[in-house]
Amino acid sequence: EAGVAQSPRYKIIEKRQSVAFWCNPISGHATLYWYQQILGQGPKLLIQFQNNGVVDDSQLPKDRFSAERLKGVDSTLKIQPAKLEDSAVYLCASSLTPTGEETQYFGPGTRLLVL
Amino acid sequence: QKEVEQDPGPLSVPEGAIVSLNCTYSNSAFQYFMWYRQYSRKGPELLMYTYSSGNKEDGRFTAQVDKSSKYISLFIRDSQPSDSATYLCAMRPAGNKLTFGGGTRVLVKP
């Protein structure tokens, strides 16, 4: 079974530029998550999708971050404009269902450096 | 104060020793408790999952949850160099998002 795929793996941009990350979840997984992991910290949930719909985006900085999940499969996360504090690893995860017992499977992450 | 506290380490042990990791939390609504392992430049992978209080054992790994003390632990027996990684605790109430600890870096020396 293929895992969660993410691209690019690394990205370096200047502040105020825009950047987009792509995620392809495990086939058949209804729920998709984007996390931000700052160096030395645990992952923090940015947004959760169930199929096409947003379940939780309470911690997404909506003035600069946006995300979409078209057709309930792939997802993109965009930052525009980027700030220095956005430097982090952006992890995508998916799970079969959003119940309390589900396992979230994580992708390798996209490492973003904002200069 | 963070909802979930975890000592960042690093924790260095000789090969074959028992590794003891723990997290404390403040939200009494947490019911599901997990431990993830994260190798450098990789995503976290689920190691252990526990619902409510009690112990769970899986091979060399034992997870314990004490809800009365708001304290969870992970023990790794017969540690191997391949166990060197960052260990993240995570927890959630029913039907809500995961809250992660900051992770403990573990180094098992041959």
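Here, the structure is the one placed above.
Quantities reported herein were computed from a predicted structural model and do not represent experimental measurements. (Residues numbered from 1 in each chain as written. Chains lettered and ligands numbered in written order. Predicted model: local features only at pLDDT ≥ 70, side-chain atom pairs only at ≥ 80, totals over all residues. Heavy atoms only, no water.)

1. Some thoughts on the pairing of strand S9 (residues 88–95) of chain A
Residue and element names in this part refer to chain A. Short version of the rule: Partly exposed describes any residue whose relative accessible area lies between the buried limit of under 20% and the exposed limit of over 50%, with all areas from a 1.4 Å probe on protein chains only and scaled to the type maximum. Helix numbering and strand numbering both begin at the N terminus, where a helix is a DSSP run of H or I of at least 4 residues and a strand a DSSP run of E of at least 2. In short, DSSP must find at least two bridges between two strands for them to pair.
Among the eight residues that make up S9, eight are buried, leaving the element largely enclosed by the rest of the structure. Side chains of S9 alternate between two faces, with Ala88, Tyr90, Cys92 and Ser94 and Val89, Leu91, Ala93 and Ser95 buried alike. For strand S4 (residues 31–37) and S9, the ladder comprises seven bridges, and the chain directions are antiparallel. When the sheet's bridge partners are listed, Tyr35 is paired in S9 with Leu91.

2. Here we look at the nonpolar core
Convention followed: What we call a nonpolar core is a set of buried Ala, Val, Leu, Ile, Met, Phe, Trp, Tyr and Cys residues that are connected through their side-chain atoms within 4.5 Å. Here, two residues are considered to be in contact whenever any of their heavy atoms come within 4.5 Å of each other.
Counting 23 residues, the largest nonpolar core has Trp35(B), Ile72(B), Leu74(B), Tyr87(B) and Met91(B) as the members making the most contacts within it. Breaking this core down by element, the ones donating at least two residues are strand S3 (19–25), strand S4 (32–38), strand S5 (45–51), strand S7 (61–66), strand S8 (71–76), strand S9 (85–92) and strand S11 (104–109) of chain B. Non-local contacts of Leu74(B), meaning those with residues more than four positions away in its chain, are made with Val19(B), Ser20(B), Leu21(B), Trp35(B), Leu47(B), Met48(B), Phe61(B), Thr62(B), Ala63(B) and Tyr87(B). Formed by 21 residues, the second largest nonpolar core is a distinct cluster that contains Cys23(A), Trp34(A), Phe49(A) and Leu60(A).

3. Examining a positive patch on the surface
Our working definition: Residues forming no salt bridge and having over 30% relative accessible area are the ones grouped into patches, like charges within 9 Å of each other and nonpolar side chains (Val, Leu, Ile, Met, Phe, Trp, Tyr) within 5 Å. In short, Shrake-Rupley with a 1.4 Å probe defines the accessible areas, and a residue's cover is counted only from the protein chains shown. By definition, a salt bridge exists where a carboxyl oxygen of Asp or Glu is found within 4 Å of a side-chain nitrogen of Lys or Arg. All tallies of charge rest on Lys and Arg as positive and Asp and Glu as negative; His and the ends of each chain are not included. Throughout, a charge is located at the NZ atom of Lys, the CZ atom of Arg, the CG atom of Asp or the CD atom of Glu.
Residues Arg9(A), Arg111(A), Arg41(B) and Lys42(B) make up a contiguous surface patch of positive charge. The topology assignment puts Lys42(B) in the loop between S4 and S5.

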